[in-house]
Amino acid sequence: MFEILEKRSLNPTVTLMRINAPKVARKAEPGQFIILRTDADGERIPLTIADFDRQSGSVTIIFQIVGATTEKLNHLNEGDCLQDFVGPLGRATETEGLKKVAVVGGGVGCAIAYPVAKKLHELGVEVHSIVGFRNKDLVILEDEFKASSSKFVLMSDDGTAGEKGLVTDALKKLIDSGEKYDRVITIGPLIMMKFVCKLTKEYGVPTVASMNPIMIDGTGMCGGCRLTVGGETKFACVDGPEFDGHLIDFDEAMARGAMYKPFERHAYEEACNLFKEVK
Amino acid sequence: MANMSPTRNEMPVQAPDVRNKNFSEVALGYTEEQAIDEAKRCLNCKNKPCSTGCPVQIDIPAFIAQVAEGNFAEAYKIITKSSSLPAVCGRVCPQETQCESKCVRGIKGEPVAIGRLERFVADWHNAQPETAPEIPAKNGHKAAVIGSGPSGLACAGDLAKKGYDVTIFEALHVAGGVLSYGIPEFRLPKSIVQKEIGGLKALGVKVETNTVVGKTISVDELMKEEGFESVFIGSGAGLPRFMNIPGENLNGVYSANEFLTRINLMKAYKEGSATPIKAGTKAVIVGGGNVAMDAARCAKRLGAEVYIVYRRTEAELPARAEEVEHAKEEGIIFKFLTNPIEIQATEDGWVKSVHCQQMELSEPDASGRAKPVPIEGAFVDIEADCVIMSIGTSPNPLIKSTTAGLDTQKWGGIIADEDGLTSKEGVYAGGDAVTGAATVILAMGAGKKAAAAMDKYMQNK
Ligand SMILES: Cc1cc2nc3c(=O)[nH]c(=O)nc-3n(C[C@H](O)[C@H](O)[C@H](O)COP(=O)(O)OP(=O)(O)OC[C@H]3O[C@@H](n4cnc5c(N)ncnc54)[C@H](O)[C@@H]3O)c2cc1C
Ligand SMILES: Cc1cc2nc3c(=O)[nH]c(=O)nc-3n(C[C@H](O)[C@H](O)[C@H](O)COP(=O)(O)OP(=O)(O)OC[C@H]3O[C@@H](n4cnc5c(N)ncnc54)[C@H](O)[C@@H]3O)c2cc1C
Ligand code: SF4
Ligand code: SF4
Ligand code: FES
């Protein structure tokens, strides 16, 4: 069983947990993810490895409460155990040959972007982090990003934190001001990544997007995580989760992401009601 | 006195109209009387033609003779000399092309129902009070098994019986391989699979689920750092193939693996399951093998009107005859000589219909096989809101790509000799990972063979 060693709320809907999982910690690299189940009847959900400590054998996850399983997860506390925790899955972020990178994160995607920024920083790469949130209450990992970036730009939709505007506005400004990036790495809502990739394509800056389709096994067995990249079908769990952003069919990915919406809404409400009763 | 009836004892089954709405087992199994009566149809042929049709050469006449006498425990002992999973194989073996195809009683009438008798004996055994197994003395050697499908289970069992300290590493959270995630409950109750695994654990086999070899740990690390002297790879052929036709990534299109995994592994068919499934109101299953039949029958049970679309004719269906029969009885509609060429979408990106090319069989070619060829200009659209691609699987490249020195075929199969030895010293492989998608009994047989070779290797090291 996988014990929750630490639990911390980062904002009203985003929680950090450190899990005891020595086998995963031993092999984990930034960009990889795990799949967990909270209990014996639970669903398998993928979450990115936000951090790891090989020595103590712990793995950190940061998740946004969006539905039934993340809601259930958030109701567990330090000392409780997760039923299953498997990984590290997927390919690690490629860092070879990079000298200057813009990391563009949106919302909870910043939790996935942060370990990438940290790793690049440790490798001596110049990192510019551009992160966006809807408002100031949702900002996460600000200090952590600052510590790993030579430039940090905070954006919010309503201007309550950092500058008002979208991450694409900030990225465009930096590129226009003469910043030359070897690569842009973007992680966040599909719609945000779509527009980041559109922008960088115009400027000819190579861009990698981290995809998060619906997954079950995470080993290449079900094909549920498939997406189209450059006209070819790829499995995000084994071929990704990072792909060349200029080749991804984002519209298809957005449609696939909505496949179970009505079911999930229902399951979420049930889970919420369940916890209300318990309280 | 032999029972000279030309027909076999019928298998009691749930009525088609009842069972196509539930996930309980379809075939209910013989009673003792039926089993003894059926066993008496066996002529106890000296040359055992039936055994030559069994990939693991069970001594069929010998076990059937014991059934005829009512000595079920003795019958079980005879079967388990050659087979590790009789309750499974008795249910899912393609008997009609194996043991039963060679039975002399089949020349003038129906062959002896060997599979049903094997199932009866195994179920009888499983219903007896549990006795603690004899724990073999440990021999001090450590072996690892990757994958907990029939090949891995058989290999682990045989090694444990010889005293090896065996650990099975399984990627998923449940052991059993296809027996757990693929073959549905109504054909193979999961309690039977878990009972087999429980038996192995009682022998001292350790099962580490949630371990993806190649990711969590590599084959080389198992051998160099964890002290496993020999490794068996039974990782199956779980990578789903798609047709690469337009519309395959629309919402509502599943691989059979995803559809079946949601249902069997994640129990999506149960009320209140956390994992969703959408069988739609009209489901089209593409393919004609066992997997297609299973997907079709699951979709039916979830309430859809179900079509199986297959590009050849009924005669070429690769699925077991019994499964095809059962599928038809349950109301599944077959469209033969039909080949999907495009999946068409609704405005919001869901499946609307499957556009198919009509086919005909050509004159047999040099190999004697008639090929399906398109009939020019003949198309048909089948309305559907769910499409399940069931056109085959191949071995997952994960282990190959993370194990230096492990040679594979171009199509991904691990190259192994008769005994299962791969290109890497101490590393053996078997089952679907070597042969490509095949059968439970072949996988089990390969696991047993490899166990024998691994034993020799570790003893002589
Ligand atoms: C490789 C990978 C890494 C991920 N890493 C993280 C992470 O570090 N932190 C985090 O908070 N989330 C991450 N996600 C997303 C996370 O898996 C989903 O939020 C989670 O599965 C939702 O489960 P649920 O039962 O709570 O909600 P559900 O009831 O399943 O879904 C609720 C809502 O979330 C949407 N949703 C469902 N699955 C996903 C998904 N995979 N991606 C995006 N939206 C989804 C649904 O459309 C729905 O609107 C990752 C996803 C993948 C594939
Ligand atoms: C739906 C369906 C119906 C079938 N019906 C029949 C039938 O009626 N009769 C019949 O004889 N055969 C049938 N078959 C075929 C039969 O099930 C297979 O041939 C058999 O299960 C193969 O056994 P195996 O041990 O080689 O592999 P599998 O059963 O595939 O097991 C492989 C296991 O290895 C695990 N694994 C894979 N990679 C890794 C890794 N890197 N690390 C750790 N674990 C890993 C997998 O998760 C899996 O549990 C059917 C198959 C399917 C899919
Ligand atoms: S294992 Fe399969 S082939 Fe062998 S006797 Fe049993 S049913 Fe027949
Ligand atoms: S061939 Fe048929 S009749 Fe002869 S021994 Fe085998 S099962 Fe019995
Ligand atoms: S999650 Fe099943 S293949 Fe990727």
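One numbering rule holds for all chains: residues counted from 1, following each sequence as written. Written order decides the labels, with chains lettered from A and ligands numbered from 1. Given that the model is predicted, a residue must reach a pLDDT of at least 70 before its local features are reported, and side-chain atom pairs must reach 80 or more before they are shown or counted; all residues, however, enter totals for whole chains, interfaces and linings. Computation of side-chain values: all heavy atoms of the structure, hydrogens and water removed.

As annotated in an unreviewed UniProt entry, chain A carries the name Ferredoxin--NADP+ reductase and comes from Ruminococcus flavefaciens.

## Let's talk about the packing of helix α2 (residues 32-39) of chain B against helix α4 (residues 60-68) of chain B
All names here are of chain B. Helix axes are fitted only over the stretch in contact, all axes being lines through C-alpha atoms; the angle between N-to-C directions runs from 0 to 180 degrees. Runs of H or I in DSSP of at least four residues are treated as helices and runs of E of at least two as strands, each being numbered from the N terminus. Between α2 and α4, the least distance of the axes is 8 Å, while the angle of their chain directions is 130 degrees. Overall, the two elements α2 and α4 adopt an arrangement that is oblique. By crossing handedness, the relation of α2 to α4 is classed as left-handed. From α2, Ala 35, Ile 36 and Ala 39 reach across to α4, where they touch Ile 64, Val 67 and Ala 68. Amino acid classes used here: Ala, Val, Leu, Ile, Met, Phe, Trp, Tyr, Cys and Pro are nonpolar; Asp, Glu, Lys and Arg are charged; the rest, including Gly, are polar. Its residues assigned to classes, the contact of α2 with α4 comprises six nonpolar, no polar and no charged. Each angle gets one of four labels, with under 35 degrees taken as roughly parallel, over 145 as roughly antiparallel, 65 to 115 as roughly perpendicular, and the rest as oblique. Two helices that cross are described as forming a left-handed crossing if the nearer one is turned anticlockwise from the farther one by less than a right angle, and a right-handed crossing if clockwise. Residues count as neighbours in contact if any of their non-hydrogen atoms are within 4.5 Å of one another.

## A closer look at the packing of aromatic side chains
Between 30 and 60 degrees the pair is tilted, below 30 it is stacked and above 60 it is edge-to-face, where a pair is any two Phe, Tyr or Trp rings, Trp via its six-membered ring, whose centres lie within 6.5 Å. Applying the stated criterion to the full structure yields 12 aromatic pairs over all chains. Taken together, a centroid distance of 4.1 Å and an interplanar angle of 20 degrees make the contact between Phe 23 of chain B and Tyr 269 of chain B stacked. With a gap of 246 residues between them, Phe 23 of chain B in the loop between α1 (16-19) and α2 and Tyr 269 of chain B in the loop between α13 (256-265) and β7 (282-286) connect regions that are remote in the sequence. Ring plane angle 90 degrees and centroid distance 5.7 Å describe the contact between Phe 169 of chain B and Phe 228 of chain B, whose orientation is recorded as edge-to-face. Note that Phe 169 of chain B is positioned in strand β2 (residues 165-169) and Phe 228 of chain B in the loop between α12 (219-224) and β4 (230-233), a separation of 59 residues in sequence. Each member of the pair, Phe 169 of chain B together with Phe 228 of chain B, is buried. The structure contains a cluster of three or more aromatic residues connected by ring pairs, namely Tyr 114, Phe 145 and Phe 152 of chain A. Relative accessibility under 20% of the residue-type maximum defines a buried residue, over 50% an exposed one, and the middle range a partly exposed one, all with a 1.4 Å probe and only protein chains included.

## Considerations on the sheet that holds strand β4 (residues 45-48) of chain A
Residues and elements named next belong to chain A. Note on pairing: two strands pair once DSSP finds at least 2 bridges between them. What the three strands build is an open sheet, ordered β4-β3-β8; its pairing is antiparallel. With one partner strand each, in any of the chains shown, β4 and β8 (84-89) form the two edges of the open sheet. Between one strand and the next, the sheet's axes are offset by a mean angle of 25 degrees, whatever the strand orientation. Note: strand β3 (residues 33-37) against β8, four bridges, orientation antiparallel. Each bridged residue has a counterpart across the sheet, and for Phe 33 the counterpart in β8 is Leu 89.

## Things to note about the site of ligand 2
All names here are of chain B. Any residue with at least one heavy atom within 4 Å of a molecule or strand is counted as near it. Taken together, the neighbourhood of ligand 2 is formed by 35 residues, with Val 92, Ser 151, Glu 170, Arg 187 and Asp 432 sitting nearest. Throughout this description, a polar contact denotes any pair of N or O atoms lying within 3.5 Å of each other; where both atoms belong to protein, one of them has to be capable of donating a hydrogen while the other can accept it, and for residues adjacent in sequence the pair is counted only when both atoms sit in side chains. Contact distances for ligand 2 include 3.0 Å between an oxygen atom and a backbone N or O atom of Val 178. In this structure, an oxygen atom belonging to ligand 2 sits 3.3 Å away from a main-chain N or O atom of Thr 439. Computed on the free molecule, ligand 2 has an accessible area of 1,000 Å², of which 93% lies beneath the protein chains in the complex. Ranked by residues supplied to the shell around ligand 2, first place goes to helix α14 (residues 290-301) with three residues. Partitioned by chemical class, the residues of the shell around ligand 2 number 17 nonpolar, 13 polar and five charged. Residue burial considers only the protein chains on display, and all accessible areas are found by Shrake-Rupley using a 1.4 Å probe.

## Quick word on the pattern of salt bridges
Pairing is possible between side chains of opposite charge, provided their charged atoms come close. Every case where a carboxyl oxygen of Asp or Glu lies within 4 Å of a side-chain nitrogen of Lys or Arg is listed as a salt bridge. The tally for this structure, following the rule as stated, stands at 43 salt bridges over all chains. Here Asp 251 of chain A makes a salt bridge to Lys 194 of chain A, at a shortest N to O gap of 2.8 Å. Remark: Lys 194 of chain A occurs in helix α6 (residues 190-203) and Asp 251 of chain A occurs in helix α8 (residues 250-257); sequence separation between them is 57 residues. Note that Glu 74 of chain B and Lys 77 of chain B form a salt bridge whose closest N and O atoms lie 3.9 Å from each other. Of this pair, Glu 74 of chain B and Lys 77 of chain B are both found in helix α5 (residues 72-82), three residues apart, which corresponds to roughly one turn of the helix. Through salt bridges with shared partners, a single ionic network connects Arg 19, Arg 116, Arg 187, Asp 294, Arg 297, Arg 301, Arg 320, Glu 322, Glu 323, Glu 329 and Glu 330 of chain B.

## Side note on a nonpolar patch on the surface
Residue and element names in this part refer to chain B. Only residues whose relative accessible area exceeds 30% and that take part in no salt bridge are eligible for patches, with like-charged residues grouped when within 9 Å of each other and nonpolar side chains (Val, Leu, Ile, Met, Phe, Trp, Tyr) grouped when within 5 Å. A grouping of Met 4, Leu 43, Val 104 and Ile 107 is seen on the molecular surface, where their side chains present a nonpolar patch of about 400 Å² in accessible area. As for its position among the elements, Ile 107 is in helix α7 (residues 105-108). Taking relative accessible area as the criterion, Ile 107 reaches 70% and is therefore assigned exposed.

## Section: the domain arrangement of chain A
All names here are of chain A. Domain boundaries in chain A define domain 1 (2-89) and domain 2 (100-258). Placing a centre on the C-alpha atoms of domain 1 and another on those of domain 2 gives a separation of 21 Å. Taken together, the contact between domain 1 and domain 2 spans 20 residues of the former and 20 residues of the latter. Regarding the contact of domain 1 and domain 2, the summed buried area is about 1,600 Å², with carbon and sulfur atoms giving 63% of it. Summed over the shared surface of domain 1 and domain 2, the number is two salt bridges. Residue Lys 119 pairs with Glu 29 through a salt bridge whose shortest N-O separation is 3.1 Å. In this assembly, domain 1 and domain 2 are joined by five residue pairs in polar contact (both at pLDDT 80 or more). If you list the elements that add at least two residues to the side of domain 1 that touches domain 2, you get β1 (2-11), β3, β4 and β6 (58-64). Class assignment for the residues of the side of domain 1 that touches domain 2 results in 12 nonpolar, five polar and three charged. The split into domains, and so the bounds of each, comes from an automatic or database assignment of domains. Buried area is calculated as the accessible area (1.4 Å probe) missing from two parts once they are joined, with the contributions of both summed.

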